[in-house]
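# Structural overview for review
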Amino acid sequence: MLLNDPQFVEAARVLGERLLKQYPNDLDARIRDAFRALTARQPDATERDILRRLFAEQRNLFAAAPETADKLLSVGESPWDKALPRADFAATTVLVSAVMNLDEFVV
C-alpha cells in the first residue's frame, strides 16, 4: 500500500517537488532533508549510499522513458510543476517514497 497507494505516491511527489526546488543541484541535501522530515534523524552513510544509487538508477530509467515519469508525476489531485526536469523529479519522488517505506516512518 505504501508504494502504490495514490495518497502516498502524491505525498512523495509533493515532498520531492519541494526538495528539488530547494536543492536543484544537491542530491545529498535532498536525501538529508527527506530523511530528516520523515524519520526525524539523519541517514547514516550506508543509507545515503543506497539512496544515491536508487536515485541514479531511477533517473536513468525515467530519462529513457519520459512517459513513465509523466505517469508517476500525474498521480494524485494536486498540480505539479511541469517546468522541473522530469527525470530528476520522478527519481526524487521514488527516493522519498523509499524513505516513506522505512519502518521508522511507518511506525
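Residues numbered from 1 in each chain as written. Predicted model: local features only at pLDDT ≥ 70, side-chain atom pairs only at ≥ 80, totals over all residues. Heavy atoms only, no water.

### Some details on the confidence of the model for the chain
Rules: Residue-level confidence of the predictor, termed pLDDT, takes values from 0 up to 100. Comment: elements are numbered from the N terminus, with helices defined as DSSP H or I runs of at least four residues and strands as E runs of at least two.
Per-residue pLDDT for the chain averages 95, and the proportion of residues at 70 or more is 97%. Looking across the chain, the model is least confident in helix 6 (residues 103-106), with a mean pLDDT of 84, and most confident in helix 3 (residues 45-64), with 98.

### Considering the environment of Glu17
Rules: Buried residues are those whose accessible area, probed at 1.4 Å on protein chains only, stays under 20% of the maximum for their type, while exposed residues exceed 50% and partly exposed ones sit between those limits. Any pair of residues with heavy atoms lying within 4.5 Å of one another is described as a contacting pair. Two N or O atoms form a polar contact when they lie within 3.5 Å of each other; inside protein one atom must be a possible hydrogen donor and the other a possible acceptor, and for residues adjacent in sequence the pair counts only when both atoms belong to side chains.
Mapped onto the secondary structure, Glu17 falls in helix 1 (residues 6-22). The buried category is assigned to Glu17, whose relative accessible area is 10%. Sequence separation of Glu17 and Arg48 is 31 residues, and the distance between their C-alpha atoms is 19 Å. Dropping the residues within four chain positions of it, Glu17 is found in contact with Pro79, Trp80, Asp81, Leu84 and Phe89. Only 3.3 Å separates the side chain of Glu17 from the backbone nitrogen of Asp81, close enough to count as a polar contact.

### Some remarks on the packing of helix 4 (residues 66-73) against helix 5 (residues 86-100)
Rule in force here: Axis angles are defined between N-to-C directions and span 0 to 180 degrees, where every axis is a line fitted to C-alpha atoms and, for a helix, only to the segment in contact. The cut-offs work like this: below 35 degrees is roughly parallel, past 145 is roughly antiparallel, 65 to 115 is roughly perpendicular, and the gaps in between are oblique. Left-handed describes a crossing in which the near helix is turned anticlockwise from the far one by less than a right angle; the clockwise case is right-handed. When residues are grouped by polarity, Ala, Val, Leu, Ile, Met, Phe, Trp, Tyr, Cys and Pro land in nonpolar, Asp, Glu, Lys and Arg in charged, and all others, Gly among them, in polar.
Relative to each other, helix 4 and helix 5 sit at 50°, their axes nearing to 9 Å. Considering the angle they form, helix 4 stands oblique to helix 5. Of the two elements, helix 4 crosses helix 5, and the hand of that crossing is left-handed. Counted together, Ala69, Asp70, Leu72 and Leu73 of helix 4 and Arg86, Phe89, Ala90, Thr93 and Val94 of helix 5 form the full contact between these two elements. Across the contact of helix 4 with helix 5, the residue classes break down as six nonpolar, one polar and two charged.

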